[in-house]
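# Structural features, examined
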Amino acid sequence: MLMGEKKGEKVNVNPELGEVQVISLGDCPICGGKGTLKAIQHIHEIPYFGKVMESTIYCEKCGYRNADVMILEDRPPKLYTVRVENEKDLFTRVVRSKSGTIELEEIGVKIEPGPAAEGFITNVEGVLERVRETLLMAREFRKQEGDEEAVKKADEILEYIEEVKEGKKPLTVKIADPLGNSALIGEKVKSRLLTEEEIKKLSLGPYKIVEPEGTEDSKESGEERQG
């Protein structure tokens, strides 16, 4: 049970829930609320996987919210794949950070991270529900525009999703993360290291890789010494 909040300090919680920290971040960049921007960081263990941290930034005034997930153990960039063939496979755990790309092969859906990407922990069924809700909104827009072809395509994907949920159709789910902060977790999950070429092609979402200052100078010095 939460006992109180202090800036940048841990909050006492039920040990079974893991470690929670509430941090005051100051003013909200969206609405300008004074001292209304907070961050909640929740560290907990995922069985057979390891520790993760779920963090949520939110504004108490306007309701602005942004979430992310980070794996707290050193994991290399990997591609995770699972073949969903029955209802049990739908419970395969999905850990997606802001830099994770999800692909649903048979229906041609790819969820790539952008500047406003959010991280989440769910399962395959939860991912399918997110896709279904997005498709329903897109379908309505296309219907209003009179795009019958797009509406038909959306209906086909929606029907396929329902059949996957009922165990009637297979679905290959993939997740890749150049920063190693995303994963699929389950008995049928297969994984392999990403190649350098694959890493270069993946989006980092809101993140950027910054070379340490002096790296180029060090390289040049090293080359001169070798000569």
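Criteria and cut-off values
- Residues numbered from 1 in each chain as written.
- Predicted model: local features only at pLDDT ≥ 70, side-chain atom pairs only at ≥ 80, totals over all residues.
- Heavy atoms only, no water.
- Helix = DSSP H or I, 4+ residues; strand = E, 2+ residues; numbered from the N terminus.
- Polar contact = N/O pair within 3.5 Å; in protein donor to acceptor, adjacent residues only side chain to side chain.
- Contact = heavy atoms within 4.5 Å.
- Pairing = 2+ DSSP bridges.
- Phe/Tyr/Trp six-rings, centres within 6.5 Å; stacked < 30°, edge-to-face > 60°.
- Lys NZ or Arg CZ within 6 Å of the ring centre and 35° of its normal.
- Axes fitted to C-alpha atoms, helices over the stretch in contact; angles between N-to-C directions.
- pLDDT = per-residue confidence, 0-100.
- Salt bridge = Lys/Arg side-chain N within 4 Å of Asp/Glu carboxyl O.
- Buried < 20%, exposed > 50% of the residue type's maximum accessible area, 1.4 Å probe, protein only.

### Side note on the side chain of N66
- Here N66 is to be found in strand β5 (residues 65-71).
- In this structure the side chain of N66 is engaged in a polar contact, spanning 2.6 Å, whose partner is the side chain of K98.
- Dropping the residues within four chain positions of it, N66 is found in contact with S55, T56, I57, K98, A116, A117 and E118.

### Topic: the pairing of strand β7 (residues 93-96)
- Pairing of β7 with strand β10 (residues 120-123) involves 4 bridges; the strand directions are antiparallel. Residue R93 lies in a different strand from β10, and its bridge partner there is N123.
- Inspection of the sheet shows β7 paired to strand β12 (residues 183-185) by 3 bridges, in the antiparallel sense. Paired with V94 across the two strands is L184, which belongs to β12.

### Points about the packing of aromatic side chains
- Overall, the coordinates contain 0 aromatic pairs when judged by the stated rule.
- Above the plane of the ring of F120 lies R130, whose end atom (NZ or CZ) is 3.8 Å from the centre.

### As for the sheet that holds β7
- One open sheet holds the 3 strands; their spatial order is β10-β7-β12, and the pairing between them is antiparallel. The two strands at the open ends of the sheet, each matched to only one other strand, are β10 and β12. Strand-to-strand twist across the sheet, computed as the mean angle between neighbouring axes with direction ignored, equals 20 degrees.
- Of the strands in this sheet, β7 and β10 touch helix α1 (residues 124-145), which is tilted by about 105 degrees from β10.

### As for the confidence of the model for the chain
- When the pLDDT values of the chain are averaged, the result is 86; 83% of them are 70 or greater.
- Ranking the elements of the chain by mean pLDDT puts helix α4 (residues 215-226) last with 46 and strand β11 (residues 171-176) first with 98.
- When the criterion is pLDDT under 50, residues 1-7 qualifies, and its contacts beyond four places in sequence or with other chains add up to 16 contacts.
- The low-confidence segment residues 218-227, where pLDDT is below 50, has 0 contacts with residues more than four positions distant or belonging to other chains.

### Re the pattern of salt bridges
- A full pass over the atoms with the stated rule returns 16 salt bridges.
- For K34, the salt bridge identified is with D27, shortest N-O distance 3.7 Å.
- According to the relative accessible area criterion, K34 is exposed, its value standing at 70%.
- With a shortest N-O distance of 2.8 Å, K188 and D89 are connected by a salt bridge. Taken together, the positions of K188 in the loop between β12 and β13 (190-193) and D89 in the loop between β6 (78-84) and β7 put the pair 99 residues apart, joining distant regions of the chain.
- Relative accessible area serves as the criterion here: at 6%, D89 is assigned to the buried category.
- One network of salt bridges, with partners in common, ties together R83, E85, D89, E106 and K188.

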